[in-house]
Amino acid sequence: MKLLHFADAHIDIANHGRQDAQTGLPVRVLDFLRSMDTIVDAAIQEKVDLVIFAGDAYKDRTPAPTFQREWGRRIIRLSQAGIPTLLLVGNHDLSPAIGRAHALEEFNTLQVPHVHVLERPRFLRPADLEGLPVQVLALPWISRSGLMAHLGMSASKPEEIYTELEGRLQELVNNWLEEADPDLPVILTAHASVQGASYGGERMVMLGGDLVLSGSLVRDARLDYVALGHIHKPQDLNPKAHPPVIYPGSIERVDFGEAAENKYFIIADVQRGQTKVEWRQIHGVRPFVDCFVSLKLEDGDFGVTERLRSALPEKEKLDGAVVRLTVEYPRAWEALIDDAPLRAHTAGALEFRLLKRPLSDVRIRLPQGQAVGSMPPQELLGLFWRANHLDEGEQSVLAGLAEEIIRQSNEALIAPETTIGPAARWTYDPLRLRLSGFLSYRDPVELDFTKFDLACISGSNGAGKSSLLDAMVWALFGQARKRDETLIHTHPDNKSAEVIFVFAYEGNLFRVQRSLGRGKGTLLEFQIYQAAAPGGAGGVPDDLDAVLAERGGWKPLTGPTLRETQNLIQSTLRMDYETFMNASFFCRAKRPVYPAAPGRPQANFGQHSGPGDLGSV
C-alpha cells in the first residue's frame, strides 16, 4: 500500500515579509501554500492509496476564514481525486474550551467525501478506510483531561495521574494490536512527543498536559509504519529497523531555528513486516539566513559597519531570503553603525532584520579595603545610585523609601511566623525561580531565595543579572524588557523560553509556569498549594523541597484562556504590571513613579521600561 505522510503545515504563519499584491495574502503564507501544493500534486500524480496528515494545519486554534479557505482548497483536491485522507487534530488545531469546535471541524460537519477527521483516539479497520487493506491506530493530540475522559479515569489521586495515564495509553494501544488482523499492515499515527526525539524549530510542550509516548510503544514490531507530527525536525526514531518511526517535520521553515533544515514529506510502501520509506525533499523552500557579530572594545572602532557587512553572505545568496543580523557592541559605538549600507547589501532579501544589542558596563567601585559583605544595605544603595548619576534629590527620596522597607523587613524577621530555610517568611516572598532558554540562560538554572536575606547580583555584561529579574516579572505578567520571541535564547538549539516561579503571598503558596515557543503563542499555568499540613495559613508546610516535589497538593487555577489566567494572577496579587514595576524596581536611566507615603508627597521621576534597565545590582 502506497502512503503519503506529512505534518505541521502551519499555513497561516506570516511573521516575515510583506503582502503579495496579486493575491492579497502574505508572501510567507504563499510559501507554505506552495509547499502544500507540492505535496498534494505528488499524492495525485503518484496515485497514493492513503494520505495521513499528522496534525497542526494552522498556527493557532482560530484561523482566519481566508486561511481556512486556502487549506480547504487543497484538501478538496485530494477528495476529488478519491484519495482517502486522514486529518489528525493537533494541539494547534484543538480548542482548549469544552464544547468548542476544533479548526478542522468543517470537514466533519460538511461530510466531505474521502476526508476523515480524527479528533479522538480510534482504531480504524478496512471498513473505516473505504476498504483499504490496512489498519490505522490514531492518536490525535491528547491532553491529560481528554485522555482521562476517554478512558473513564478518576482524578482522585492527581499525584499518580501521569504514571497511570502512560500505563493506560500503553494498554489501549496493546489492546488494539491484539485485535488487529495479523495479515494486514498496521500504521500508528500520532500528534505527540516521543522519548528520544530531537527538537527542531520549536519545542511546543503544553505545561502539565503533554503526554510523551515511550520509545517502546512506537517501536513495537507489530507496527509497520509510525506517522508522527508535532516536532518540526525531520527524523526517523528507529533508523534501519522495522517499523520506521517518522517525523517528516514542518513543510516550511517556521523561524530561524529551522534555518539549516531541509523540508520533506514521506512516500512509504507499507507492507506487513516490511516498509520502504522515501524522503521527498520540498524544493523552493524560503531560505533563512541568521548571522551574529560581537564587536569588542579591544578590536577598535574602525570600520564597524564594514565588519558587519562582511559578516553577511554575498548578495546573490540573500535574494528572496529572510535575513537576521544580530550585533552586540559597546553602547558608545551606537553612532558608528550605519544601517544604510547594510540594507543596500540586503536589498534583494524578502526581509532584513538588524537586531542591535548595545552593551554597557556600570561598575561600582568599593572603598579601598572594604568588601560587599561588610557594608550595610544603605551604603551599598548609595554607591549604586551615585554610579548611575542620580541627583541628590532623587537619592534622598530613595533613601527614605529604602529605610522604610528595611525597617518593615526587620520587623517581619522577628515576628512569630512560619519559616522555611533561614530567612523565608510566608508574607510576600519569592521562593524558587527556574528558567530555561530565557534571555541569557541557555541551560536550565534554578535559584533558591530561601538561602539568603539580601543579595547583590554582580557579573559582566550579558552574564544574566537582569535576566533573573526579567524572568520573575515575565512569569507573573507576561511582560519584561521584551515580549516577543527575542526572549528566547539565541542559540539554535533553544526553541522555547520557560520560567517557573514559586512564591508565597498572604499565607498561600503559588506556582506560575509560563513558556513561549518559536512560532507559537504563550502557555501559562497558575497553581496554588492546598495540601493539609501544619505550618501557616493555607496549609503551607515547613519543608519547601517536599512541597515542590509533590504533585498532589497543587490545585490548578488556570483558566480556559491565557487572558483569563493572566487576569486571575493580577487579581490575586491585586496589582498589574505597571503597579508591580513601580513598587518593586528602580531602573537605571529611567524614573519610576513612587506612591505617596502617609504624610509625604508623591515623587514622580517619569517612567521605566523594565527590569532589563537595571545595572549591576
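Note that this is a predicted model, so its numbers are computed, not measured.

Draft legend 1. Highlighting the pairing of strand β10 (residues 225-229). For β10, the tally of buried residues reaches 5 of 5 residues, placing the bulk of the element in the interior. What you see with β10 is no split at all: Y225, A227 and G229 on one side and V226 and L228 on the other are buried throughout. Bridge count for β10 against strand β12 (residues 245-247) is 2 bridges, and the pairing is parallel. Among the inter-strand pairings, V226 is bridged to a residue of β12, identified as V245.

Draft legend 2. Focus on the environment of P185. Following the sequence through the fold, P185 ends up in the loop between α5 (161-179) and β7 (186-191). Note on P185: relative accessible area 9%, which makes it buried. For the pair formed by P185 and V136, sequence separation is 49 residues and the distance between their alpha carbons is 8.6 Å. Filtering out sequence-adjacent residues up to four positions away, P185 remains in contact with P133, V134, Q135, D224, V270, Q271 and R272.

Draft legend 3. View of the pattern of salt bridges. Applying the stated criterion to the full structure yields 27 salt bridges. As a salt-bridge pair, E46 and K2 come within 3.3 Å of each other at their nearest N and O atoms. Here the residue E46 occupies a position in the loop between α1 (27-45) and β2 (50-53), and K2 occupies one in strand β1 (residues 2-6), the gap between them amounting to 44 residues. Assessed through its relative accessible area of 28%, K2 is described here as partly exposed.

Draft legend 4. Examining the sheet that holds β2 more closely. Reading across from one edge, β4-β3-β2-β1-β13-β14 is the order of the 6 strands in this open sheet, with mixed pairing throughout. Both outer strands of the open sheet, β4 (115-118) and β14 (274-281), are each paired with one neighbouring strand and no more. Between one strand axis and the next, the sheet turns by 20 degrees as a mean value, whatever way the strands run. Sheet analysis places strand β13 (residues 264-271) next to β14, joined by 8 bridges and oriented antiparallel. If you follow F265 over to β14, its bridge partner there is R280. The sheet contacts of helix α2 (residues 65-80) involve β2, β3 (85-88) and β4, and relative to β3 the element is tilted by about 145 degrees.

Draft legend 5. Just the nonpolar core, in detail. By size, the foremost hydrophobic cluster in this structure holds 38 residues, and its most contacted members are L4, F6, W71 and L87. Elements supplying a minimum of two residues to this core: β1, α1, β2, α2, β4 and β13. With 8 residues, α1 is the single largest residue contributor to this core. Those residues in contact with L4, other than ones at most four positions away along the chain, are I39, A42, A43, V48, L50, V51, I52, F265, I266 and I267.

Draft legend 6. Looking closely at the sheet that holds strand β5 (residues 122-124). Spatially, β5-β6-β7-β10-β12-β11 is the arrangement adopted by the 6 strands of the open sheet, whose pairing is mixed. Each edge of the open sheet carries a strand with a single partner, namely β5 and β11 (235-236). Sheet analysis places β11 next to β12, joined by 2 bridges and oriented antiparallel. Across the sheet, residue D236 finds its bridge partner in β12, namely I246.

Draft legend 7. Quick look at the side chain of H230. Inspection of the secondary structure puts H230 in the loop between β10 and β11. For H230, a relative accessible area of 2% gives the class buried. Within the structure, the side chain of H230 is placed 3.3 Å from the side chain of H191, a separation counted as a polar contact.

Rules behind the numbers
- Residues numbered from 1 in each chain as written.
- Predicted model: local features only at pLDDT ≥ 70, side-chain atom pairs only at ≥ 80, totals over all residues.
- Heavy atoms only, no water.
- Buried < 20%, exposed > 50% of the residue type's maximum accessible area, 1.4 Å probe, protein only.
- Helix = DSSP H or I, 4+ residues; strand = E, 2+ residues; numbered from the N terminus.
- Pairing = 2+ DSSP bridges.
- Contact = heavy atoms within 4.5 Å.
- Salt bridge = Lys/Arg side-chain N within 4 Å of Asp/Glu carboxyl O.
- Axes fitted to C-alpha atoms, helices over the stretch in contact; angles between N-to-C directions.
- Core = buried A, V, L, I, M, F, W, Y, C linked by side-chain atoms within 4.5 Å.
- Polar contact = N/O pair within 3.5 Å; in protein donor to acceptor, adjacent residues only side chain to side chain.

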